[in-house]
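Fold and contact review
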Amino acid sequence: MSFQPNQEVINGKLTKRNRELSILNTIADALNREVDLARALDAALQKIAELFDVQTSWVWLQREDTGATYLAASLNLPPGLANDPARMEGGYCYCLDKYALGEMENARNVSIITCTRLQGLEQGAEGLRYHASVPLYHHNKRVGVLNVVSADWRELSDDDLRLLNTIGDMLSIAIERAQLFAHSIEFGAAEERNRLAREIHDTLAQGLTAITLQLETADALLDANPDNARAAVQKALALTRANLEEARRSVLDLRAAPLERRTFCEALGDLVAQYGAEWKFETEFDVIGGNHPLPVRIESGLYRMTQEALTNVARHAQAQHVRVEFTTMPDQVVLVVEDDGQGFDTEALAKGRFGLVGLNERARLLGGTLEVCSVPSEGTVLTIIVPLESAL
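Residues numbered from 1 in each chain as written. Predicted model: local features only at pLDDT ≥ 70, side-chain atom pairs only at ≥ 80, totals over all residues. Heavy atoms only, no water.

**Digging into the overall build of the chain**
- From N to C terminus, the chain includes nine helices and ten strands.
- Buried residues in the chain amount to 44% of all 392 residues.
- Intrachain contacts of the chain at a sequence separation of at least 6 include 67% that bridge at least 24 residues.
- About 21000 Å² of surface is accessible on the chain, with carbon and sulfur atoms providing 50% of the total. (Helix = DSSP H or I, 4+ residues; strand = E, 2+ residues; numbered from the N terminus. Buried < 20%, exposed > 50% of the residue type's maximum accessible area, 1.4 Å probe, protein only. Contact = heavy atoms within 4.5 Å. Areas by Shrake-Rupley, 256 points an atom, 1.4 Å probe, with all protein chains shown as cover.)

Written out as structure tokens, the structure reads:
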């Protein structure tokens, strides 16, 4: 007697399989549309939330150079996490610890009791209870961890966890592809900077050197001429030397010399300490999310803006204490430079006082904003916010 399977069971399996294929196709389509890492992660998190009926999710990625983890993307973080970037730093947590030890091979459910991110957030967690942690690997290489968070007192089913494992594999491939694409752009930009540096050295710098030699010769031959002729030549000589020094400085800027062989945060911390030692004011440097990699153009721009801000403090503020805080989140970076100096009337900003117009222009070139808060005799706070829509 042959066994005839129940038609309802068959229909149920087909429905389940069709749902899984539909989810995978939807997420694959979202990932294939993006080569930019930030946008690819955002698209994946949006689709996962819709298809699995979860409220919140985030992705930790592991840096290739240091192995440190950082928050690369997030969706609908509750206030207790969104308003406290330090709580979403890398470092110790149950999921990342297990992942680093190689003890997380597949997706698993983690309760609020175990999750160090959600502990003690009864007022700020908006009911989040369980989250599933999905390890991300690509050819046995650690990529990161995906966390999918539910507001219900429920665990994701074994079937959903298996499906999340497959999605994790797809996401890992998309991350590798986006990183390779970003590296190729960065390499091309570095090559272009070096080419421009060589051009400046071979043309402008050498030309200015020749002019300097000619003017020095003319100056030596004008002993018998009137004083006004000598003054004109000496002024031209001084201008030429100044332009030569500017050309050399431009070469260094193009090669991003301050950032070579150091992380951005190390270079920024050294810069703050250097200004404090040179201008005799106390310094404080705080970093949140320092492991998050940034595009070279943003690192260079933020470094120069910090340099300009500290120069303004040194020249004008008469400050005793300066605090610099740098915070990186998945969608933006925030740079704060605060001093306890003499402050100024912010109405003078439009006239270009204290070099703030230049800072504002640099921020705008990066798509960011500059906010100035200052009160005479009470110090100044500069806040620079730069979006990370296409950061690596």
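We are not done yet, so read on.
**Some details on the sheet that holds strand β3 (residues 108-110)**
- One open sheet holds the five strands; their spatial order is β2-β1-β5-β4-β3, and the pairing between them is antiparallel. Every other strand in the sheet has two partners, leaving β2 (69-75) and β3 as the edge strands with one partner each. Put simply, the sheet's adjacent strands are angled 25° from each other on average, direction ignored.
- Both strand β1 (residues 56-62) and β2 contribute to a ladder of six bridges, which runs antiparallel. If you follow W58 over to β2, its bridge partner there is S74. (Pairing = 2+ DSSP bridges. Axes fitted to C-alpha atoms, helices over the stretch in contact; angles between N-to-C directions.)

**Focus: empty space enclosed by the protein**
- What the rule picks out here adds up to five cavities of 30 Å³ or more.
- Volume-wise, the largest cavity comes out at about 160 Å³.
- Lining the largest cavity we find 15 residues, and of these N312, V313, D339, F344 and T380 sit closest to its centre.
- Looking at the lining of the largest cavity, the elements with two or more residues in it are α8 (296-317), β8 (332-339) and β10 (379-387).
- Of the residues forming the lining of the largest cavity, the biggest block, five residues, is contributed by α8.
- Class assignment for the residues of the lining of the largest cavity results in eight nonpolar, five polar and two charged. (1 Å grid on protein atoms, 1.4 Å probe; cavity = no way out; pocket = protein on both sides within 12 Å on 5 of 7 lines; lining within 4 Å. Points joined across faces, edges and corners; volume = space filled by probe spheres on them. Nonpolar A, V, L, I, M, F, W, Y, C, P; charged D, E, K, R; others polar.)

**Let's talk about the sheet that holds strand β7 (residues 321-328)**
- Overall, mixed pairing links the five strands, which are arranged β6-β7-β8-β10-β9 in an open sheet. At either margin of the open sheet sits one strand with a lone partner, and together these are β6 (282-288) and β9 (369-375). Here the strands of the sheet are splayed against their neighbours by 10° on average, with no regard to which way each runs.
- Where β8 and β10 come together, eight bridges link them in antiparallel fashion. Its bridge partner being in β10, V333 is matched across the sheet by V386.
- On the sheet, helix α7 (residues 264-279) packs against β6, β7 and β8 and is oriented at approximately 165° with respect to β6.
- In the packing of helix α9 (residues 356-365) onto the sheet, contacts are made with β9 and β10, and the angle to β9 comes to roughly 150°.

**Brief notes about the side chain of S172**
- Note that S172 resides in helix α5 (residues 158-221).
- Those residues within four positions of S172 in sequence are excluded, and the remaining contacts are L136, Y137, H138 and V143.

**A short note on unusual backbone geometry**
- The phi dihedral of D53 falls on the positive side, at around 55°, and the residue is not glycine.
- Although it is not a glycine, N76 adopts a positive phi angle of roughly 55°.
- Counting through the fold element by element, N76 comes out in the loop between β2 and α3 (79-82).
- Take N76: its relative accessible area is 52%, and that puts it in the exposed class.

**Overview of the packing of α8 against α9**
- At a closest axis distance of 10 Å, the pairing of α8 and α9 adopts a crossing angle of 165°. Taken together, α8 and α9 sit at an angle that is classed as roughly antiparallel. As α8 packs across α9, the resulting crossing turns out to be left-handed. Between α8 and α9, the contacting residues are R297, R304, M305, E308, A309 and N312 on the first element and L356, G358, L359, R362, A363 and L365 on the second.
- Of the residues that constitute the contact of α8 with α9, the class distribution is six nonpolar, two polar and four charged. (Parallel < 35°, antiparallel > 145°, perpendicular 65-115°, else oblique. Left-handed = near helix turned anticlockwise from the far one by under 90°.)

**Description of the packing of aromatic side chains**
- A full pass over the atoms with the stated rule returns two aromatic pairs.
- Taking the centre distance of 5.3 Å and the plane angle of 40° together, the rings of Y99 and Y137 count as tilted. Here Y99, found in helix α4 (residues 94-100), pairs with Y137, found in strand β4 (residues 130-138); they are 38 residues apart in sequence, far enough to count as distant.
- Owing to a relative accessible area of 1%, Y99 belongs among the buried residues under this scheme.
- Residue classification places Y137 among the partly exposed positions, given a relative accessible area of 24%.
- In this structure, R142 packs its charged tip against the face of Y99, placed 5.9 Å from the ring centre. (Phe/Tyr/Trp six-rings, centres within 6.5 Å; stacked < 30°, edge-to-face > 60°. Lys NZ or Arg CZ within 6 Å of the ring centre and 35° of its normal.)

**Regarding the side chain of D339**
- Turning to its location among the elements, D339 is positioned in strand β8.
- Of the side chains with opposite charge, R323 lies nearest to the buried D339, which makes no salt bridge, at 11 Å.
- Excluding residues that lie within four positions of it along the chain, D339 makes contacts with V313, A317, A319, H321, V322, G379 and T380. (Lys, Arg positive; Asp, Glu negative; His and termini not counted. Salt bridge = Lys/Arg side-chain N within 4 Å of Asp/Glu carboxyl O.)

**Focus on the packing of α7 against α8**
- Packing of α7 against α8 brings their axes to within 11 Å, and their N-to-C directions diverge by 15°. The orientation of α7 with respect to α8, classified from their angle, is roughly parallel. You can see that α7 and α8 cross each other, and the crossing is right-handed. Each of F264, A267, L268, L271, V272, Y275 and W279 in α7 lies in contact with α8, whose residues at this interface are E299, L302, Y303, T306, Q307, L310, T311 and A314.

**A look at the environment of Q342**
- Summarising the element assignment, Q342 is placed in the loop between β8 and α9.
- With 36 residues separating them along the chain, Q342 and E378 place their C-alpha atoms 6.0 Å apart.
- Aside from chain neighbours lying at most four places away, what touches Q342 is H316, A317, Q318, V375, P376, S377, E378 and G379.

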